[in-house]
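Read off the chains here:
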Amino acid sequence: MKLTIDQIIKSTHCEVLVSPRNGDTVLTSLDTDSRKVEPGGLFVAIKGEKVNGNDYIIEAFEAGAGAAIASEAPSAEVLETARKNEALLLRAADDDALEALLELARHWRADLRATVVGVTGSSGKTTTKDLIANVVSKAFATQATRGNRNSEIGLAEIILDTTEEHDYIICEMGMQALGEIDRLCRVAQPLIGVVTNIGVAHCELLGSRENIARAKAELLQSLPDNKGIAILPGDDPYTPKLREFAQLDERMVSLVTYGLGEQNDIRATHIVYDEMGYPTFDIWTPDGRCYPVELGLQGEHNILNALAAVAVGLRIGVSVADITKALAEAKPAALRQELIETKDGDIILNDTYNANPDSMRAALSLLKRLASATKRIAVLGDMYELGPEEVSYHRQIGEYAFVSGVDELIAVGKLGEEIAAGALAVGMPHERVHSCADVDEALLVLIQLREKHAKAAADTQSTNCCIILVKASRGMQLERVVEGFAGPGALDSG
């Protein structure tokens, strides 16, 4: 980011409370966390549910911030600190610091030549965004959303960090309500929109899958008439709704579908998995040609994510050789299907970043494909924001865990009890289903199961290896099970 004091004042509707003498001073970084503020940076004070950034404006100035945007009336001490440090202090209009931040990003975006690729969906957004970035960066100067920072702050950060040297920006776009993706798109101005799927994540907030599709379609609605490119999952039953809501046909937006079905423009066939679940397959392109691919990520769901990246790459002119190389080099993001080998030779499939029914099934399917284990253990916890059908969704996951070959099920949390109930209902033996109230109890049960398995393996002189899937919504903090079982530093080395 390189914005002058004067540019910040002119591009937002903020009230100037303290103005420095030199309006040409350039600010080179952006932070919403005062602990990370760099000298000459801009601090935006977000007022959240748990932390009020306005309480830390003084700390930001003392750390060298050249400007701050407050989202409430600052104290006399804050005003005096700004004057003493010759820094800019603004108060956001309507005390909406996020909108002020988006105004800055919108102002900066208007002068950029880069093309934006927007990525949304109920699951797989971050992986798909990363795969697209890997592919596009083989041929073009590329920026991409960092990690899963897919809200207003993350979008503003990546836009403001983009320069005239960049050709493409790959923006992940999340939402929890109707209108939120539209707000992001008004800043990003995407030319290409990618949807991964329409699942039940956020049903509690939006009420139905149709409303989820309506919210995701806001990305497609933002694509320019006659020029935009929509890349959609052709096997998803809600794709027709996406097309309808976004009026793609009427607006002459180009459509590319991807998936496993023969009707798709980009599809995969001849899928084969190795003993650790890594797939090789053939990609078919719209011109009828076929290309072999080795994917550096596990599971069928990642084949679909990869096909979305192929679709983007082909439409913008990335060579097939570069596309296949990028897919082979792909690595999982932190806490997403990381394989961690313990000192005892066990393998943990650490997928603790988040969970919904679709991603749970994908992880359990991957666990089933891993061929090197003598025992498969699933540690599964609550999935959040699923709405009135949450009990049913959790029971379905318990059923799926049993039929997919899980040997021992450790269900964690209040809704985890429903996962356990689902497994028992379809015939999983009671002695193999363990319902735990919290992370500590789950870890204890896992350790006991491992010791029991090791003893049995020693008695029979058989292979002693467990593969352990750990997955739940982020708030469950099941990564603590991973660390407790594999030891300190396990998450750093996974």
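Calculation criteria
Residues numbered from 1 in each chain as written. Predicted model: local features only at pLDDT ≥ 70, side-chain atom pairs only at ≥ 80, totals over all residues. Heavy atoms only, no water. Helix = DSSP H or I, 4+ residues; strand = E, 2+ residues; numbered from the N terminus. Buried < 20%, exposed > 50% of the residue type's maximum accessible area, 1.4 Å probe, protein only. Contact = heavy atoms within 4.5 Å. Areas by Shrake-Rupley, 256 points an atom, 1.4 Å probe, with all protein chains shown as cover. Lys, Arg positive; Asp, Glu negative; His and termini not counted. Charge placed at Lys NZ, Arg CZ, Asp CG, Glu CD. Pairing = 2+ DSSP bridges. Axes fitted to C-alpha atoms, helices over the stretch in contact; angles between N-to-C directions. Expected span 1.5 Å × (residues − 1). Polar contact = N/O pair within 3.5 Å; in protein donor to acceptor, adjacent residues only side chain to side chain. Core = buried A, V, L, I, M, F, W, Y, C linked by side-chain atoms within 4.5 Å. Phe/Tyr/Trp six-rings, centres within 6.5 Å; stacked < 30°, edge-to-face > 60°. Lys NZ or Arg CZ within 6 Å of the ring centre and 35° of its normal. Arc of directions from axis to C-beta. Right-handed = clockwise from strand over helix to strand, strands pointing away.

Colleague: Any details on the overall build of the chain? Residues and values, ideally.
Modeller: Each helix and strand counted, the chain has 18 helices and 22 strands in total. Along the longest, intermediate and shortest principal axes, the C-alpha atoms of the chain span 80 × 55 × 40 Å. The proportion of buried residues among the 494 residues of the chain is 55%. Across the chain, the fraction of contacts at a sequence separation of at least 24, relative to all contacts at a separation of at least 6, is 67%. Carbon and sulfur atoms provide 47% of the accessible area of the chain, an area that totals close to 20900 Å². Of the side chains in the chain, 48 bear a positive and 73 a negative charge, and the two mean positions are spaced by 2 Å.

Colleague: Talk me through the sheet that holds strand 17 (residues 338-341); I want residue IDs and the actual numbers.
Modeller: Taking strand neighbours across the sheet as the criterion, the 6 strands line up as 17-18-22-19-20-21 in an open arrangement whose pairing is mixed. Looking along the sheet, the strands with just one partner apiece sit at the ends: strand 17 and strand 21 (433-436). For this sheet, the mean inter-axis angle between neighbouring strands, taken without regard to orientation, is 15°. Pairing of strand 17 with strand 18 (residues 347-350) involves 4 bridges; the strand directions are antiparallel. In the strand pairing of strand 18, Ile340 is matched with Ile348. Strands strand 18, strand 19 (375-381) and strand 22 (466-471) of the sheet are contacted by helix 13 (residues 357-369), whose axis makes an angle of about 165° with strand 19. Packing of helix 17 (residues 479-486) onto the sheet brings it into contact with strand 17, strand 18 and strand 22, and relative to strand 18 it is tilted by some 165°.

Colleague: Quick rundown of helix 9 (residues 209-221)? Include the residues and the values.
Modeller: Helix length check: helix 9, at 13 residues, gives a terminal C-alpha distance of 18 Å against a target of 18 Å (1.5 Å per residue), a fit within 8%. If you check which residues of helix 9 are buried, you get Ile212, Ala213, Ala215, Lys216, Ala217, Glu218, Leu219 and Leu220. Those residues of helix 9 that are buried lie in contact with strand 8 (115-120), helix 7 (180-188), strand 11 (192-195), helix 8 (203-206), strand 12 (229-233) and helix 10 (239-246).

Colleague: Hey, could you go over the side chain of His394 for me, with residue numbers and the actual values?
Modeller: By the secondary structure assignment, His394 is in helix 14 (residues 390-403). Residue His394 is classed as buried on the basis of its relative accessible area, which comes to 0%. At 2.9 Å, the side chain of His394 forms a polar contact with the backbone nitrogen of Met383. Dropping the residues within four chain positions of it, His394 is found in contact with Asp382, Met383, Leu386, Leu415, Glu418 and Ile419.

Colleague: Could you give an account of the nonpolar core, naming the residues involved and the relevant values?
Modeller: Within the largest apolar cluster, 87 residues are counted, with the highest numbers of intra-cluster contacts made by Leu42, Ile69, Met173, Leu220, Leu380 and Leu409. Broken down by element, the residue count for this core peaks at 8 residues, all from helix 4 (residues 97-109). Apart from residues no more than four positions distant in its own chain, Leu42 is found in contact with Met1, Ile8, Leu27, Ser29, Leu30, Asp31, Ala67, Ala68, Ile69 and Leu104. The next biggest cluster of nonpolar side chains, apart from the first, holds 36 residues, and it includes Tyr168, Leu307, Ala308 and Ala311.

Colleague: An account of the sheet that holds strand 13 (residues 254-259) is requested, with residue identities and associated values reported.
Modeller: Strand order across the open sheet formed by 9 strands is 9-10-8-11-12-13-14-15-16, with mixed pairing between neighbours. Each edge of the open sheet is held by one strand with a lone partner, namely strand 9 (142-144) and strand 16 (290-294). Across the sheet, the mean angle separating the axes of adjacent strands is 20° when strand polarity is ignored. Relative to strand 12, strand 11 is paired through 3 bridges, and the arrangement is parallel. Residue pairing across strands places Val194 opposite Ile231, the latter belonging to strand 12. Sitting on the sheet, helix 5 (residues 125-136) touches strand 8, strand 9, strand 10 (168-172) and strand 11, and the angle it makes with strand 10 is about 170°.

Colleague: Describe the packing of aromatic side chains, naming the residues involved and giving the relevant values.
Modeller: What the rule picks out here adds up to 1 aromatic pair. Look at Phe140 and Tyr168: their rings are 5.1 Å apart centre to centre, the planes differ by 65°, and that puts the pair in the edge-to-face class. Residue Phe140 is found in the loop between helix 5 and strand 9, and its partner Tyr168 is found in strand 10; the two are separated by 28 residues along the sequence. Given the relative accessible area of 11%, Tyr168 is considered buried. Stacked on the ring of Tyr273, the Lys or Arg Arg369 has its end atom at 3.9 Å from the ring centre.

Colleague: Tell me about the pairing of strand 15 (residues 279-284), and name the residues and values.
Modeller: When strand 14 (residues 266-273) meets strand 15, the two strands line up antiparallel, connected through 5 bridges. Paired with Val272 across the two strands is Thr280, which belongs to strand 15. Here strand 14 hands over to strand 15 after 5 residues, with Gly277 in that stretch at a positive phi of 85°. Relative to strand 16, strand 15 runs antiparallel, the two sharing 5 bridges. Within strand 16, the position partnered with Trp284 by the bridge is Cys290.

Colleague: Describe helix 12 (residues 320-328), listing the residues and the values that go with them.
Modeller: Among the residues making up helix 12, those that are buried are Ile323, Thr324, Ala326 and Leu327. The buried residues of helix 12 occupy an angular sector of 160° when projected down its axis, which confines them to one face. In this fold, the buried residues of helix 12 make contact with helix 5, strand 15, strand 16 and helix 11 (300-316).

Colleague: Requested: an account of the pairing of strand 10, with residues and values cited.
Modeller: With 5 of 5 residues buried, strand 10 lies mostly within the body of the structure. Of the two faces of strand 10, both are covered, the one formed by Tyr168, Ile170 and Glu172 as well as the one formed by Ile169 and Cys171. The sheet contact formed by strand 8 and strand 10 spans 5 bridges and is parallel. Residue pairing in the sheet places Val117 in a bridge with Ile170 of strand 10. Here strand 9 pairs with strand 10 via 3 bridges, running parallel. Bridge pairing in strand 10 places Gln143 opposite Ile169. The handedness of the strand 9 to strand 10 crossover, carried by helix 6 (residues 152-160), is right-handed.

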